[in-house]
Amino acid sequence: MRALDRKVLRDLRLLWSQALTIAMVVASGIGGFIATLSAVASLEEARDSFYAQGHFADAFASVRRAPDAMVQRLAEVAGVLAVQPTVEAMARITVPGSVDPVMGQLIGWDERHPQALNQVQLRTGQWPSAAAHAGGDMEAVVNESFADAHQLRPGATVSALVNGKRRTLRITGTALSPEYIFGGLMGMPDMRAFGVFWVARDELAAAMDLRGAFNRVAFKLAPDASQQAVLDMVTRRLAPLGGAPAHGRDEQPSHAMLDNEVREQRVIGTVLPGIFLAVAGFLLHVVTARLVATQREQVAALKALGYRNGTIALHYLKLVTPMILGGYVLGLLLGRWLGGGLVGLYAEVFRFPRFEHHVAPGLAALGLAIVGTTAVLGTLTAIGATVRLSPAEAMRPPAPGRYRPALLERLVPGRLTPALRMILRNIERRPLRSALTTGGIAAAVAIVIMGNFFRDAMDAIVDSQFTLAMRGDVVVWMTDAVDAAAGRELARVPGVLQVETGRRVAVRFSHGQASENGNIEGRTAVPSLQRIVDSDGRVALPGTYGLVMTDRLAAKLGLRPGDHVTIEVREGRRQVREVLVERTVSDMMGLNAFMQRESLNRLLGEGDLANNFSLRVGAHALPSVLQDTQQLPRVAGAFSKATMLRNMQEITARNVRIIGSILTAFAAVIAVGVVYNNARIALAERTWELASLRVLGFTRTEVSLLLLGELALGIAVALPLGMLLGWALTHGVVQAIRSDQFMFPVAIQPRTYAWAAVCVLAAGVGSALVVRRRIDRLDMVAALKTRE
């Protein structure tokens, strides 16, 4: 073994505790990087594989009733490779033993003509038979997530209200579809409240009066086709038949949720590990710089003996290599474990035939390259100045530091204790190191805030959407717009205390060259059950003659209050109107606009119409009200606010706790790494000074305060800076992951700031106690023998 290699082993033995903390910081960064991006890559791979295997469509359209002969006309559209018509219907589902409202999507299955697109994969049981059944029963295959949520097995039955008639669905098996990977309603994961049922097409067509016709169609496009041109042509051909505008995958609910999740996790998997690796680079810099400073004479001797600068630099790179490689290997193992856990969480919401976690070799190699670059930069910047010195100059001890009154001393002369003056002067003597130390601790505070922000955001969403905005207990929506007098019929249902009418109209907003799909929500003049609440919790009123538009939609269209926007109604007569934008509101959900329902009806030249009703019901009357609304004609469905909230929180609240706990643990590693390493470095640099003070009569406590007081002051400064950084980091991440469907509110509660401070303080105190033990065991005779 060469002499320099033996020196590496000797230095590692002396620096083992600091090397361990650096390795832990590296492991946290690589673990978060590998876990997040490998889970996202696994999600994308499972999605792409299922899409290819199931021939997932590229475009979709709905129509009231189109004859089967229309399929040929649609297939003739330039750019269309395949057309898949289906018969589908929304139905209210009743699951035995459950009073919760459930919506079901019934899809016709024809064993004689297997689907060319959106192919369904049978998981258990068998496909439904078209043979007649006693009592009008229908056999059905149900999607796997709904079956698992309600423990439905082949042979179980549920009832469905299909086109106003109650039918019994007998479960024959479970299946998965690329069209319904995400389980939930309104963009919220809720496997209990939404199910997909594949039934015999002939039976469903007969029930919906769609024999020889279809009401939904999917398309596969040629690779070089213009999607917008195809969508426009399909829309024009289906418009006379009551078709809604065709759309691509971006508006397909399941795909949109998948796409948003992938984009969000890519942002988080890049930003947070970057912070960890930056801190690791800083720690490598200060540790190596400290070691080189103490070995200044050894470096000079090596240069005098003929060792080249590159050889000496390589020697110190060998020193940090075990720290980096150890952290990388530990981080790789941690990333595999955490990534598997994330995939498990994804699998509860996104269902695939095959969904396994794996770390791609390219991702592991990228992580190693990032860590290697961090190590090289952190080390070379620390040793560069010393290695470039001539042997004679390096043999001389470094010039003593210049101590002068600190800035605070000059501001408040005569009011500082000697110990505090010593602490302040030492901080000013090394401003860069002090600033980086403070920055590292601040980063730990910011990460704790970021990790626990999602809990605060969910609380804000629940408070805003379920308490302030949605003040009714039940929302009932109709198949089509009906006379608003239907609200009086709902008011007569026993247990209903108040009814508020509303109307939602799907439109396309256009301004100049920009256009976006969205909805106009018609509300009462002063809503009480369906209020408009912005992201700051303020209540807004709908537009009187014009629109109150969400700020995201206005920004996309380049609109400001006072401008006019063109709306094209995407249903019925497809009217086109010019509407004034009265003002904007910061709304979390979707790209919408609001106006008074009466004004909306006048704008469209229609009567007093409504298609949704919000009900406030009496205590304990919820189950009976939900049951009674099923008997009313033209009611498409209803959902209970309490049930939706409960089902959502079962998944999201737990996931938020898990993510917050992981990030808090990672932040504690950063805090320990920064505080402990700087305390050890300060102790090594000032051992002679501290021993001299002990000889002069200073107690152990007084000596400890001189060293640890500097760290305490750094933490005190880092806490408010970290809180500000956490606020800025949260804002940046929220802006990066926001989508058309949803935007997280930036709502950080005082408890989150307090928890971040407690976590970092605990890490700092723990590190300080370890260093204090070393101070107490200081060998004064050995320390005073040698001056560094």
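Definitions and limits used
- Residues numbered from 1 in each chain as written.
- Predicted model: local features only at pLDDT ≥ 70, side-chain atom pairs only at ≥ 80, totals over all residues.
- Heavy atoms only, no water.
- Helix = DSSP H or I, 4+ residues; strand = E, 2+ residues; numbered from the N terminus.
- Buried < 20%, exposed > 50% of the residue type's maximum accessible area, 1.4 Å probe, protein only.
- Contact = heavy atoms within 4.5 Å.
- Areas by Shrake-Rupley, 256 points an atom, 1.4 Å probe, with all protein chains shown as cover.
- Patch = residues over 30% accessible without salt bridge, like charges linked within 9 Å, V, L, I, M, F, W, Y side chains within 5 Å.
- Salt bridge = Lys/Arg side-chain N within 4 Å of Asp/Glu carboxyl O.
- Pairing = 2+ DSSP bridges.
- Phe/Tyr/Trp six-rings, centres within 6.5 Å; stacked < 30°, edge-to-face > 60°.
- 1 Å grid on protein atoms, 1.4 Å probe; cavity = no way out; pocket = protein on both sides within 12 Å on 5 of 7 lines; lining within 4 Å.
- Points joined across faces, edges and corners; volume = space filled by probe spheres on them.
- Axes fitted to C-alpha atoms, helices over the stretch in contact; angles between N-to-C directions.
- Left-handed = near helix turned anticlockwise from the far one by under 90°.
- Nonpolar A, V, L, I, M, F, W, Y, C, P; charged D, E, K, R; others polar.
- Polar contact = N/O pair within 3.5 Å; in protein donor to acceptor, adjacent residues only side chain to side chain.
- Core = buried A, V, L, I, M, F, W, Y, C linked by side-chain atoms within 4.5 Å.
- Expected span 1.5 Å × (residues − 1).
- Bend = angle between axes of the 7 residues up to and from the residue.
- pLDDT = per-residue confidence, 0-100.

1. Brief notes about the overall build of the chain
Moving on, step 1. Of regular secondary structure, the chain possesses 23 helices and 24 strands.
Moving on, step 2. A principal-axis box enclosing the C-alpha atoms of the chain has dimensions of 100 × 60 × 55 Å.
Moving on, step 3. Within the span of the chain, comprising 788 residues, buried residues form 54% of the whole.
Moving on, step 4. Considering only intrachain contacts with a sequence separation of at least 6, the fraction spanning at least 24 residues in the chain is 82%.
Moving on, step 5. Taken as a whole, the chain presents about 34100 Å² of accessible surface, with 58% of it coming from carbon and sulfur.

2. A word on a nonpolar patch on the surface
Moving on, step 1. Together, Trp16, Leu20 and Met24 give the surface a local cluster of nonpolar side chains, amounting to about 310 Å² of exposed area.
Moving on, step 2. Assignment of secondary structure puts Leu20 in helix H2 (residues 16-54).
Moving on, step 3. Leu20 sits in the partly exposed class, given a relative accessible area of 45%.

3. Considerations on helix H20 (residues 687-695)
Moving on, step 1. Among all positions of H20, only Thr687, Leu690, Ala691, Ser692 and Leu693 are buried.
Moving on, step 2. Where H20 ends, the next residue or the one after it, Gly697, has phi of about 110°, a positive value.

4. Structural notes on the pattern of salt bridges
Moving on, step 1. Evaluation of the coordinates by the stated rule reveals 25 salt bridges.
Moving on, step 2. A salt bridge links Glu144 to Arg123, with the nearest nitrogen and oxygen atoms 3.0 Å apart. On the criterion of sequence distance, the pair formed by Glu144 in helix H4 (residues 144-150) and Arg123 in strand S5 (residues 121-125) is long-range, its members being 21 residues apart.
Moving on, step 3. By relative accessible area, Arg123 is classed as partly exposed at 34%.
Moving on, step 4. The salt bridge involving Lys556 is made with Glu516; its shortest N-O contact spans 4.0 Å. Of this pair, Lys556 sits in helix H16 (residues 551-557) while Glu516 is found in strand S16 (residues 514-523), placing the two residues 40 residues apart along the sequence.
Moving on, step 5. A cluster of three or more residues bridged by salt bridges with shared partners is formed by Glu44, Arg47, Asp48 and Arg266.

5. Structural notes on the sheet that holds strand S2 (residues 80-86)
Moving on, step 1. If you trace the four strands from one edge of the open sheet to the other, you get S2-S12-S1-S13, paired in antiparallel fashion. In this open sheet, the two strands that pair with only one neighbour each are S2 and strand S13 (247-248).
Moving on, step 2. One ladder, built from six bridges, connects strand S1 (residues 59-67) with strand S12 (residues 213-221); its direction is antiparallel. Within S12, the residue paired with Phe60 across the bridge is Ala218.

6. Describing the packing of aromatic side chains
Moving on, step 1. This structure, assessed with the given rule, holds nine aromatic pairs.
Moving on, step 2. Here Phe56 and Phe60 contribute two aromatic rings whose centre-to-centre distance is 5.7 Å and whose plane-to-plane angle is 45°, an arrangement assigned as tilted. Neither residue differs from the other here; Phe56 and Phe60 are each classed as buried.
Moving on, step 3. Plain terms: the ring middles of Phe146 and Phe197 are 5.6 Å apart, the flat faces sit at 70° to each other, and that makes the pair edge-to-face. Within this pair, whereas Phe146 is found in helix H4, its partner Phe197 is found in strand S11 (residues 194-200), the two being separated by 51 residues in sequence.
Moving on, step 4. Assessed through its relative accessible area of 0%, Phe197 is described here as buried.
Moving on, step 5. A connected cluster of aromatic rings, assembled from ring pairs, spans Tyr51, Phe56 and Phe60.

7. Here's the deal with empty space enclosed by the protein
Moving on, step 1. Following the criterion strictly, the structure yields five cavities of 30 Å³ or more and no others.
Moving on, step 2. One number sums up the size of the largest cavity: a volume of about 90 Å³.
Moving on, step 3. Looking at the largest cavity, it is lined by 15 residues, and the ones nearest its centre are Thr86, Glu88, Gln115, Asn118 and Glu179.
Moving on, step 4. Only S2 and S12 provide two or more residues apiece to the lining of the largest cavity.
Moving on, step 5. When residues in the lining of the largest cavity are grouped by element, the largest group, three residues, is from S12.

8. Topic: the packing of helix H14 (residues 431-469) against helix H22 (residues 750-776)
Moving on, step 1. Close contact between H14 and H22 brings their axes to 8 Å; oriented N to C, the two are set at 145°. Seen along the crossing, H14 lies across H22 with a hand that is right-handed. In this structure, H14 uses Ile441, Ala444, Val445, Val448, Ile449, Asn452, Arg455, Asp456 and Asp459 to contact H22, whose residues at the interface are Arg751, Thr752, Tyr753, Trp755, Ala756, Cys759 and Val760.
Moving on, step 2. Of the residues that constitute the contact of H14 with H22, the class distribution is ten nonpolar, two polar and four charged.

9. Describing the side chain of Asp534
Moving on, step 1. Its location among the elements puts Asp534 in the loop between strand S17 (532-533) and strand S18 (539-540).
Moving on, step 2. Judged by relative accessible area, Asp534 falls into the buried class, the value being 8%.
Moving on, step 3. One polar contact links the side chain of Asp534 to the main-chain amide nitrogen of Arg538, over a distance of 2.7 Å.
Moving on, step 4. Excluding anything up to four places from it in sequence, Asp534 contacts Ser464, Val585 and Ser586.

10. With respect to the nonpolar core
When a protein is soluble and globular, its nonpolar side chains tend to lie buried together.
Moving on, step 1. Core analysis: the largest hydrophobic core is formed by 102 residues, its most contacted members being Phe453, Phe466, Phe744 and Val771.
Moving on, step 2. Per-element accounting of this core gives the leading share, 17 residues, to H14.
Moving on, step 3. Sequence-distant contacts of Phe466, defined by excluding residues within four places in its chain, comprise Met188, Ile461, Lys641, Met644, Leu645 and Met648.
Moving on, step 4. Core analysis: the second largest hydrophobic core is formed by 26 residues, Ala46, Leu345, Tyr346 and Ile651 among them.

11. Description of the packing of H2 against helix H9 (residues 309-349)
Moving on, step 1. The interhelical angle for the contact between H2 and H9, taken along N-to-C directions, is 35°, at an axis separation of 6 Å. The two elements H2 and H9 meet at a crossing, and its hand is right-handed.

12. So, the side chain of Asn601
Moving on, step 1. As for its placement among the helices and strands, Asn601 is situated in helix H17 (residues 597-603).
Moving on, step 2. With near-sequence residues (within four places) excluded, Asn601 lies in contact with Arg503, Glu606, Gly607, Asp608 and Leu609.

13. A word on the environment of Pro96
Moving on, step 1. Tracing the chain through its elements places Pro96 in the loop between strand S3 (88-94) and strand S4 (102-109).
Moving on, step 2. Pro96 gets classed as exposed once you look at its relative accessible area, which sits at 56%.
Moving on, step 3. Contact partners of Pro96, with chain neighbours within four places excluded, come to Thr157 and Val158.

14. What about unusual backbone geometry?
Moving on, step 1. Look at Gln151: it is not a glycine, yet its phi comes out positive at around 55°.
Moving on, step 2. Here Gln151 shows up in the loop between H4 and strand S7 (157-162).

15. Points about helix H21 (residues 700-737)
Moving on, step 1. Between its first and last C-alpha, H21 extends 52 Å over 38 residues, near the 56 Å set by a 1.5 Å rise per residue.
Moving on, step 2. At Leu708, H21 shows its largest bend, some 40°.

16. Things to note about the pairing of S4
Moving on, step 1. Of all the eight residues making up S4, eight are buried; the element is thus mostly covered by neighbouring parts of the structure.
Moving on, step 2. Of the two faces of S4, both are covered, the one formed by Val102, Gly104, Leu106 and Gly108 as well as the one formed by Met103, Gln105, Ile107 and Trp109.
Moving on, step 3. One ladder, built from six bridges, connects S3 with S4; its direction is antiparallel. When the bridges of S4 are listed, Glu88 appears paired with Ile107.
Moving on, step 4. Pairing analysis gives seven bridges linking S4 to S11, with the strands arranged parallel. Paired with Gly104 across the strands is Gly195, a residue of S11.

17. A few points about the confidence of the model for the chain
Moving on, step 1. Model confidence for the chain is summarised by a mean pLDDT of 82, while 90% of its residues fall at 70 or above.
Moving on, step 2. The weakest mean pLDDT in the chain belongs to helix H12 (residues 407-411) at 61; the strongest belongs to S12 at 93.

18. Some words on the pairing of strand S14 (residues 474-483)
Moving on, step 1. Strand direction decides the pairing type here: S14 and strand S23 (residues 609-617), joined by six bridges, are antiparallel. Its bridge partner being in S23, Val482 is matched across the sheet by Ala610.
Moving on, step 2. Alignment of S14 against strand S24 (residues 635-640), held across five bridges, turns out to be antiparallel. Looking at the pairing, Val476 lines up with Ala638 of S24.

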